[in-house]
Amino acid sequence: MIPPSFGYSAPRSLPEALQLLAKHGDDAKIFAGGHSLLPMMKLRFAEPGHLIDINRIAELKGIREEGGLIKIGAMTTENELIDSALLQQKLPLLPEAARQIADPQVRNRGTIGGDIAHGDPGNDHPAIAIALDAIFIVTGPNGKRSVAATDFFHGTYMTDLQADEILTEIHVKPFPAKTGSAYCKLKRKTGDWATAAAAVVLQMSGDVVSSARIALTNVAPTALDATAAAAALIGKPLSDATIKAAAEAAMAICDPAEDLRGDVAYKTAMAGEMTKRAIRLAASRCN
Ligand SMILES: Cc1cc2nc3c(=O)[nH]c(=O)nc-3n(C[C@H](O)[C@H](O)[C@H](O)COP(=O)(O)OP(=O)(O)OC[C@H]3O[C@@H](n4cnc5c(N)ncnc54)[C@H](O)[C@@H]3O)c2cc1C
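1. Overview of the nonpolar core
Moving on, step 1. In terms of nonpolar packing, the biggest core is built from 37 residues, with L132 and F136 touching the most fellow members.
Moving on, step 2. The leading source of residues in this core is helix α8 (residues 125–131), at 5 residues.
Moving on, step 3. Beyond its immediate stretch of four places on either side in the chain, F136 contacts I116, A129, R145, S146, V147, A149, F152, F153, L167, E169 and I170.
Moving on, step 4. With 31 residues, the next largest nonpolar core counts C184, A196, V200 and L233 among its residues.

2. Some points on the sheet that holds strand β1 (residues 7–9)
Moving on, step 1. The 3 strands are arranged β1-β3-β2 in an open sheet whose pairing can be described as parallel. In this open sheet, the two edge strands, each paired with only one partner strand, are β1 and β2 (28–31). With strand direction ignored, the average angle separating the axes of adjacent strands in the sheet is 25°.
Moving on, step 2. Pairing geometry for β2 and strand β3 (residues 50–53), over 4 bridges, is parallel. From the neighbouring strand, F31 faces β3, where its bridge partner is D53.
Moving on, step 3. Contacts from helix α1 (residues 14–24) reach β1, β2 and β3 within the one sheet, and its direction differs from that of β3 by about 170°.

3. Here's the deal with the pairing of strand β7 (residues 143–148)
Moving on, step 1. With 6 bridges joining them, strand β6 (residues 135–140) and β7 adopt antiparallel strand pairing. Looking at β7, one finds that V138 is bridged to R145.

4. Here's the deal with unusual backbone geometry
Moving on, step 1. Not every positive phi belongs to a glycine, and Y157 is a case in point at roughly 60°.
Moving on, step 2. Mapped onto the elements, Y157 comes out in the loop between β8 (153–155) and β9 (158–159).
Moving on, step 3. Relative accessible area serves as the criterion here: at 43%, Y157 is assigned to the partly exposed category.
Moving on, step 4. The phi torsion at N218 lies on the positive side, around 65°, for a residue other than glycine.

5. Some remarks on helix α12 (residues 264–284)
Moving on, step 1. Here α12 is 21 residues long and its end C-alpha atoms lie 30 Å apart, about the 30 Å a rise of 1.5 Å per residue gives.
Moving on, step 2. For α12, the set of buried residues is K267, T268, M270, A271, G272, M274, T275, A278, I279, A282 and A283.
Moving on, step 3. Close packing links the buried residues of α12 with β11 (179–186), β12 (196–205), β13 (208–217) and α11 (240–252).

6. Section: the side chain of E165
Moving on, step 1. Among the secondary structure elements, E165 is positioned in the loop between β9 and β10 (166–172).
Moving on, step 2. Within the local environment of E165, its side chain forms a polar contact with the side chain of R145, the two groups lying 2.8 Å apart.
Moving on, step 3. Looking at E165, its side chain comes within polar contact range of the main-chain nitrogen of Q162, at 2.8 Å.
Moving on, step 4. Dropping the residues within four chain positions of it, E165 is found in contact with L21, V138, T139, G140, R145 and D160.

7. Observations regarding the site of the ligand
Moving on, step 1. Of all residues adjacent to the ligand, which total 29 residues, the nearest are I30, S36, T111, D115 and D124.
Moving on, step 2. Between the ligand and A32, the relevant distance is 2.8 Å, taken from an oxygen atom to a main-chain nitrogen or oxygen of the residue.
Moving on, step 3. Within the contact set of the ligand, an oxygen atom lies 2.9 Å away from a side-chain nitrogen or oxygen of N123.
Moving on, step 4. Contact with the protein chains covers 92% of the free accessible surface of the ligand, which is 970 Å².

8. Let's talk about the sheet that holds strand β4 (residues 63–66)
Moving on, step 1. Pairing in this open sheet of 5 strands is antiparallel, and the strands run β4-β5-β10-β6-β7 from one edge to the other. The sheet terminates laterally at β4 and β7, the two strands that pair on one side only. When strand polarity is set aside, the average angle formed by the axes of neighbouring strands in this sheet is 25°.
Moving on, step 2. Bridge analysis of β4 against strand β5 (residues 69–73) gives 4 bridges, and the strand direction is antiparallel.

9. Regarding the pattern of salt bridges
Moving on, step 1. Going through the model one piece at a time under the given rule, you end up with 18 salt bridges.
Moving on, step 2. In this structure, K90 and E65 form a salt bridge, with 2.9 Å as the shortest nitrogen-oxygen distance. Of this pair, K90 sits in helix α4 (residues 85–90) while E65 sits in strand β4, placing them 25 residues apart in sequence.
Moving on, step 3. In this structure, the salt-bridge partner of E165 is R145, at a minimum N-O distance of 2.8 Å. Placement of the pair is E165 in the loop between β9 and β10 and R145 in strand β7, with a sequence separation of 20 residues.
Moving on, step 4. For E165, a relative accessible area of 12% corresponds to the buried category.
Moving on, step 5. Judged by its relative accessible area of 28%, R145 falls in the partly exposed class.
Moving on, step 6. One salt-bridge network, in which partners are shared between bridges, spans R188, D192, D259, R261 and K267.

What counts as what
Residues numbered from 1 in each chain as written. Predicted model: local features only at pLDDT ≥ 70, side-chain atom pairs only at ≥ 80, totals over all residues. Heavy atoms only, no water. Core = buried A, V, L, I, M, F, W, Y, C linked by side-chain atoms within 4.5 Å. Buried < 20%, exposed > 50% of the residue type's maximum accessible area, 1.4 Å probe, protein only. Helix = DSSP H or I, 4+ residues; strand = E, 2+ residues; numbered from the N terminus. Contact = heavy atoms within 4.5 Å. Pairing = 2+ DSSP bridges. Axes fitted to C-alpha atoms, helices over the stretch in contact; angles between N-to-C directions. Expected span 1.5 Å × (residues − 1). Polar contact = N/O pair within 3.5 Å; in protein donor to acceptor, adjacent residues only side chain to side chain. Near = heavy atom within 4 Å. Areas by Shrake-Rupley, 256 points an atom, 1.4 Å probe, with all protein chains shown as cover. Salt bridge = Lys/Arg side-chain N within 4 Å of Asp/Glu carboxyl O.

Pasting the structure below:
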């Protein structure tokens, strides 16, 4: 199928993009990498009357460290996340996860901002951002506001973004020394979305887990902040029993939709298994 006809603008600045959004209202859609939006338009699930292509806005791209934060422009591509020496050193969870997203063609165009703004529970960045305690900077006609990743995802394809706003930056604190992290994703084949995946960020004090964040992908209408799973680890020595307790707590909050990737019981079990694997891998990286 081909999409219905639509208008197209390619602004060169953020104020210009915001003016276009205000002018076209609900009829407009931001165009980033296009790897989620264009398939939806071709299937006519989305029929925007006007596309606002933000690829020419330089201030939305790039990764920098500033004021104790890593700041990632929304238009940074998956490949740029993978290749970033700063992220490899200070937030290795992001390049590790980006390497597991889609395929090389998609990673070349698809952006972190688009992956988050789309609100697809199958996308990987929402859970990664939750595990990283990221803050999203959203810009609209009245300026900027900050939204915690944990508050941003309201339902499938529903986020805190308003029709006149653009996700502009993602802010994350760099990992303190001796933080371990891992993203374990079960997928049927290269290029597929997760059957289930778990992101874990851990700190250990000797044998004892001193802090933990766990988030899950594609096992509910939104990415899940598995706080009870993390609590099952914190303050205790890491053992088979605590890892099992964390996995059970993660499975308890799963509410996946049955589809070709599996039924509810299988996806829930795989969320538990991915949680166990990611905890073990993150713990092995805490040195
Ligand atoms: C074959 C295939 C496999 C894939 N596999 C995976 C996978 O395994 N994991 C995964 O996470 N993703 C996967 N994807 C999705 C891919 O990562 C998309 O690139 C991503 O979901 C959307 O990013 P985009 O930059 O392409 O955004 P677009 O498609 O351009 O936009 C997506 C939506 O977000 C809105 N939007 C985009 N940027 C902004 C912004 N800055 N502010 C406000 N709104 C914005 C758009 O208006 C649109 O509604 C796959 C895609 C394909 C085609």
